[in-house]
Amino acid sequence: MEGLASLGISLPTLLAQLVNFVLLFALLYLFAYKPIMKMLDERSRKVKESLEQTEYIKEQAAHAEEEAKRRIEAASKEGQEVIARAVRTGEEVRQQSQQEARQEAESLIIRARLEIQRERDEAIDELRQEVADLTILAAGKVIDRSLDKEAHRQLIDKTLEESTTLRKS
Amino acid sequence: MPKKGRSGSKKPFIILGILVILALFLVGFASGPLGQKIFGDIGLPGWLSVPQPRPELPAEVIFHLFGLPITNSVIATWLTIIVLVGFSYAVSRRVRLIPRRWQALLEFILGALLDFCQRVAGEHNGRRFFPMVATIFLFVAFNAWLSLLPGFGSILVDTHEGEVHLLRAANTDINTPLAVALMSFLSVAFFGFRSLGPAYIKKFVNIGQFLSGLRHLSRGRLGAGLNGLFLGVINLFIGLVEALSELVRIVSFTLRLFGNMTAGEILLLMATFLVPFLFALPFYWLELLVGFVQALIFGGLTLIFLTVAVTSHEHEEEAA
């Protein structure tokens, strides 16, 4: 024991240092290790979380981009369809109007023909009147006295009758 | 143009600095015992020379607290505790997710230690051992470093033992390293017992084989009995050696730290005594390094012993 004492070992100091060390351990545990470890864990958790979030957002963005692409494609397809339909409708409208025009023209032509017919008939009528008159006059002049009044009237009627038959045909 | 003037005026300052340093060194050398031997007394003032240190291994008692003697090394330990805990408290009072400067420093130190523990002992065990290892490391390192601060060893107080230093590097008092070594030993035993249960004790008192040998012998099976007894004795001896090595660890822990710190202190004192100025500076750097290395050794060895203690020996025996 004499040797240990000369080295400086003494029980009270040893006990004091043991207590000191335990005290330091407890205080450091309370004020350094626990809060700092908690903070480090918290931070690594946050970092991990934010990395995961970034991954998620990236995925989401890719998804959205794909969706947008798909929509644009669909829209362009639809647009093309609309255009095609419009072209078809236009064609139809054109054809219809063409047909209508043709019909109009035809009816115009028919009307014109009828008019011409009518006018011709009118002209024929007039001409016949004239011819009849002239005929009566000429006939009167040629046969003058050979025809009496009675015969005259009969002849005219006959001619008229004939003319009407002709006209009717 | 002023630039050139400035750079021109720099050179004389450097030369002046070198001259001052040289003069200090020369005066220091001449006033020290070495110089006085060589040059003789050349009339330098007496306060320049440093009295020859007479290192005492036992720490000096400063005062008594409730009958307990409080030595200067205990006071230095208190100082270390105050510095470490004060710093930790100031930082951890408001821990932020985005660390400020001091918090980053504390996080760096503790993070490095935790990383060290986890690399040696594994993810889970490293976390369990970390508080003990970190406390040992910080305690040893800061004890050593604080004692290097100027003024640490120069405060004298009057006691009934005469004029003694108020502070003394805690680990130059053998009680301190012994206390830390005991704590290290206790923590090893604690974690070992907690992980392995009775199997941990079995490592030191392996009596099973011996008893089964005796049982065999009592039933008249001579061959198996003798064989069991022989192996049992070997097991007992191995257990004894294990226990002894555990105790030797305490001694080696204690003496290594005590010896290193005491030698460092004496080295610095002697350097200052031989040449009062400048000469001790390189040794201060050395002591900074030694403090760090000793802390690392103490903490690291404790960590390794802890790791070994919680590793089951069953697997090894089964494999053998």
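The rules we used
Residues numbered from 1 in each chain as written. Chains lettered and ligands numbered in written order. Predicted model: local features only at pLDDT ≥ 70, side-chain atom pairs only at ≥ 80, totals over all residues. Heavy atoms only, no water. Helix = DSSP H or I, 4+ residues; strand = E, 2+ residues; numbered from the N terminus. Buried < 20%, exposed > 50% of the residue type's maximum accessible area, 1.4 Å probe, protein only. Contact = heavy atoms within 4.5 Å. Areas by Shrake-Rupley, 256 points an atom, 1.4 Å probe, with all protein chains shown as cover. Axes fitted to C-alpha atoms, helices over the stretch in contact; angles between N-to-C directions. Parallel < 35°, antiparallel > 145°, perpendicular 65-115°, else oblique. Left-handed = near helix turned anticlockwise from the far one by under 90°. Nonpolar A, V, L, I, M, F, W, Y, C, P; charged D, E, K, R; others polar. Patch = residues over 30% accessible without salt bridge, like charges linked within 9 Å, V, L, I, M, F, W, Y side chains within 5 Å. Salt bridge = Lys/Arg side-chain N within 4 Å of Asp/Glu carboxyl O. Lys, Arg positive; Asp, Glu negative; His and termini not counted. Charge placed at Lys NZ, Arg CZ, Asp CG, Glu CD. Domains from an automatic or database assignment. Buried area = accessible area lost by both parts, 1.4 Å probe. Phe/Tyr/Trp six-rings, centres within 6.5 Å; stacked < 30°, edge-to-face > 60°. Lys NZ or Arg CZ within 6 Å of the ring centre and 35° of its normal. Core = buried A, V, L, I, M, F, W, Y, C linked by side-chain atoms within 4.5 Å. Polar contact = N/O pair within 3.5 Å; in protein donor to acceptor, adjacent residues only side chain to side chain. Pairing = 2+ DSSP bridges.

(A) Local environment of the overall build of chain A. For chain A, the count of helices and strands is 3 helices and 0 strands. Order of helices (α) and strands (β) in chain A, N terminus to C terminus: α-α-α. Counting only residues that meet the buried cut, chain A has 12% of its 169 residues in that class.

(B) Structural detail: the overall build of chain B. In terms of helices and strands, chain B carries 11 helices and 4 strands. In chain B, buried positions account for 39% of the 320 residues. Long-range contacts, defined here as pairs at least 24 residues apart, represent 67% of the contacts in chain B between residues at least 6 apart. Of the roughly 18100 Å² of accessible surface on chain B, a fraction of 71% belongs to carbon and sulfur atoms.

(C) Main features of the packing of helix α5 (residues 123-146) of chain B against helix α10 (residues 281-310) of chain B. Residues and elements named next belong to chain B. Look at α5 against α10: their axes get within 8 Å of each other, and the N-to-C directions meet at 155°. One element, α5, and the other, α10, form an angle in the roughly antiparallel class. Where α5 crosses over α10, the two elements pack in a sense that is right-handed. In the contact of α5 with α10, the residues fall into 16 nonpolar, 6 polar and 1 charged.

(D) View of a positive patch on the surface. A contiguous patch of positive charge, built from Arg-93, Arg-94, Arg-100 and Arg-101 of chain B, is present on the exposed surface. Within the secondary structure, Arg-101 of chain B sits in helix α4 (residues 101-121).

(E) A look at a nonpolar patch on the surface. Residues and elements named next belong to chain B. Together, Phe-13, Leu-16, Val-20, Ile-21, Leu-24, Phe-25, Leu-278, Leu-281 and Tyr-284 line one region of the surface with nonpolar side chains, adding up to about 810 Å² of accessible area. Looking at the nonpolar patch, the elements that each hand over two or more residues are α1 (2-31) and α10. At 6 residues, α1 tops the list of elements feeding residues into the nonpolar patch. With respect to the secondary-structure elements, Ile-21 resides in helix α1.

(F) Spotlight on the domain arrangement of chain B. All names here are of chain B. Domain annotation for chain B reports domain 1 (18-48) and domain 2 (61-319). The C-alpha centroid of domain 2 is placed 43 Å from the C-alpha centroid of domain 1. Between domain 1 and domain 2, the contact holds 11 residues from the first and 7 residues from the second. Contact between domain 1 and domain 2 buries roughly 770 Å² in total, counting both sides, with carbon and sulfur atoms accounting for 87%. Viewed at the interface, domain 2 and domain 1 are joined by 0 salt bridges.

(G) Spotlight on the packing of aromatic side chains. Going through the model one piece at a time under the given rule, you end up with 12 aromatic pairs over all chains. Joined through ring pairs, the aromatic side chains of Phe-25, Tyr-29 and Tyr-33 of chain A together with Phe-130 of chain B make up one cluster. For Arg-249 of chain B, the ring lying beneath its charged end belongs to Phe-305 of chain B, and the centroid distance is 3.7 Å.

(H) Layout of the nonpolar core. Counting residues in hydrophobic clusters, the biggest one holds 53 residues, and the most contacted among them are Leu-28 and Tyr-33 of chain A together with Leu-110, Phe-129, Phe-130, Leu-138 and Phe-298 of chain B. For this core, the elements supplying multiple residues, two or more each, are α2 (11-143) of chain A together with α3 (72-92), α4, α5, α6 (175-196), α9 (222-274) and α10 of chain B. Tallying contributions element by element places α5 of chain B first for this core, with 12 residues. Residue contacts for Leu-138 of chain B: discarding those within four places in its chain leaves Leu-28 and Tyr-33 of chain A together with Leu-84, Ile-109, Leu-110, Leu-113 and Asn-143 of chain B. Formed by 10 residues, the second largest nonpolar core is a distinct cluster that contains Ile-62, Ile-70, Ile-75 and Leu-146 of chain B.

(I) How the structure looks around the interface of chain B and chain A. With 45 residues of chain B at the interface, the matching set in chain A holds 33 residues. Together, Leu-97, Thr-135 and Asn-175 of chain B form the three largest contributors to the area buried by chain B at its contact with chain A, with a combined 18%. Taken together, the links from chain B to chain A amount to 2 salt bridges. With its nearest N and O atoms 2.3 Å apart, the salt bridge here joins Asp-41 of chain A to Arg-127 of chain B. At the boundary of chain B and chain A, one finds 7 residue pairs in polar contact (both at pLDDT 80 or more). Looking at the side of chain B that touches chain A residue by residue, the classes come out as 31 nonpolar, 10 polar and 4 charged.

(J) Structural context of the packing of α4 of chain B against α10 of chain B. All names here are of chain B. It is at 10 Å that the axes of α4 and α10 come closest, and there the two elements cross at 35°. For the crossing formed where α4 meets α10, the hand is right-handed. Each of Phe-116, Cys-117, Val-120 and Ala-121 in α4 lies in contact with α10, whose residues at this interface are Gly-300, Leu-303, Ile-304 and Thr-307. Each residue belonging to the contact of α4 with α10 can be placed in one class, and the counts come to 6 nonpolar, 2 polar and no charged.

(K) View of the environment of Tyr-284 of chain B. Residue and element names in this part refer to chain B. Here Tyr-284 lies in helix α10. C-alpha of Tyr-284 to C-alpha of Glu-265: the two residues are 19 residues apart in sequence and 9.7 Å apart in space. Look past the residues within four positions of Tyr-284 in its chain and what remains in contact with it is Leu-148 and Leu-268.

(L) Representation of the pairing of strand β1 (residues 61-65) of chain B within the structure. Where β1 of chain B meets strand β2 (residues 68-71) of chain B, 4 bridges bridge the pair, whose relative direction is antiparallel. Each bridged residue has a counterpart across the sheet, and for Phe-63 of chain B the counterpart in β2 of chain B is Ile-70 of chain B.

(M) Layout of the side chain of Asn-20 of chain A. Here Asn-20 of chain A is to be found in helix α2. Looking at Asn-20 of chain A, the relative accessible area reads 5%, which means it is buried. Polar side-chain contacts of Asn-20 of chain A include one of 2.9 Å to the side chain of Gln-17 of chain A. Looking at Asn-20 of chain A, its side chain comes within polar contact range of the side chain of Trp-78 of chain B, at 3.1 Å. The contact partners of Asn-20 of chain A, leaving out residues within four places of it in the chain, are Val-74, Thr-77, Trp-78 and Ile-81 of chain B.

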